[in-house]
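Understanding the architecture of this molecule
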Amino acid sequence: MVRLPQLLALAVLAIGGPASPRQPGTPPLEIHFLDVGQADAILIKVGARAVLVDAGRADDIVQVLREFQVDSLEAAIASHNHDDHIGGMNAVIADFPIKRYLANGRPAENGASRDVEEWAARTGLARPPPPWDPIVLDDVRISVFPSPLVDATENNSSLGVLVERGSFRALLTGDSEVPLLNAWLATGIIPRVTVLKAAHHGARDAVTPGWINRTRPELVVISVGAGNPYGHPDPMALRYYQTGQRRVYRTDLAGTVTITVDDRGRYRVSTSGPTPR
Ligand SMILES: [Zn+2]
């Protein structure tokens, strides 16, 4: 069920105001799909400023962030509260100053979310409720929007994150499945994008032809662990993502996948591993 007032809020969020004008010498936007096994952790950086979307499964995410010269976070965003997305979040909250923590607001139902609650309370972490103003880093704009579904599963309560710089757009939707993808499509806020993170680690229940037709990504990144017991990514889902010779990068094959976007919205892809796709 979709709540109309929330839809209106989402529509306003989608229109929003402009990001700051482009300045000469603006640092590149880097989106790192970190290789954290069967889990999600996406680090977004503009110069020294950073935003983290999900924190992998374990505390060693802290060391990974330090290797990327992270010393604080403009925001930490939890797409949803499963272990493979917030398992390392308590360590991140404990070790880094964080301006705000954005989450789906569901009650703590597992050890990882109780740990986050404990550390958020201990550190006085700001946890504003939605709707959220976009996070603006120079001319990069990061919009975070909640699930429009009521009483949905944890996966279908995932937050959406849209990263924009000029004509470049990257869309992250946590472990959203078909009901949530369809609900977002119905709101009209989902644009054509440059980069799409495959939802739910490339599962069959997390992509439809309609989702691909609307987002029409040039490139898809699947955050997935080698030999995972779920069979992710699903062969049929892979066929959807690969239509039209679209490039698909998998963290189990390519390691960390980095998208670097210049101040004109032009991008290039690099990987930490030897296999580009
Ligand atoms: Zn997951």
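Structural notes on the coordination of the zinc ion
- Taken together, Asp84 (OD), His85 (NE2), Asp175 (OD) and His201 (NE2) make up the protein donors of the zinc ion, found 2.1 Å from the metal.
- Considering all 4 donor atoms around the zinc ion, angles at the metal cover 90 to 148° and the coordination shape is irregular.
- Each donor residue of the zinc ion belongs to the same chain, with the gaps between them written as D-H-x89-D-x25-H. Of this pair, Asp175 sits in the loop between strand 9 (168-172) and helix 6 (178-187) while His201 sits in the loop between strand 10 (195-197) and helix 7 (209-215), and the two are 26 residues apart along the sequence.
- Judged by relative accessible area, Asp175 falls into the buried class, the value being 2%.
- For His201, a relative accessible area of 1% puts it in the buried group.

Description of the pairing of strand 3 (residues 49-53)
- When you tally the buried positions in strand 3, you get 4 out of 5 residues, the bulk of the element.
- As paired strands, strand 2 (residues 42-46) and strand 3 are joined by 5 bridges and run antiparallel to one another. By the bridge assignment for strand 3, Ile44 is matched with Val51.
- Adjacent in sequence and paired antiparallel, strand 2 and strand 3 are bridged by 2 residues, among which Gly47 carries a positive phi angle near 60°.
- Bridge count for strand 3 against strand 4 (residues 75-77) is 3 bridges, and the pairing is parallel. The residue of strand 4 that forms the bridge with Val51 is Ala75.
- With helix 2 (residues 61-67) bridging strand 3 and its parallel neighbour strand 4, the resulting β-α-β unit is right-handed.

What counts, and at which threshold
Residues numbered from 1 in each chain as written. Predicted model: local features only at pLDDT ≥ 70, side-chain atom pairs only at ≥ 80, totals over all residues. Heavy atoms only, no water. Donors = N, O, S within 2.8 Å, 3.2 Å for Na, K, Ca; no water. Tetrahedral: all angles 85-135°; square planar, octahedral: opposite > 155°, others 65-115°. Helix = DSSP H or I, 4+ residues; strand = E, 2+ residues; numbered from the N terminus. Buried < 20%, exposed > 50% of the residue type's maximum accessible area, 1.4 Å probe, protein only. Pairing = 2+ DSSP bridges. Right-handed = clockwise from strand over helix to strand, strands pointing away.

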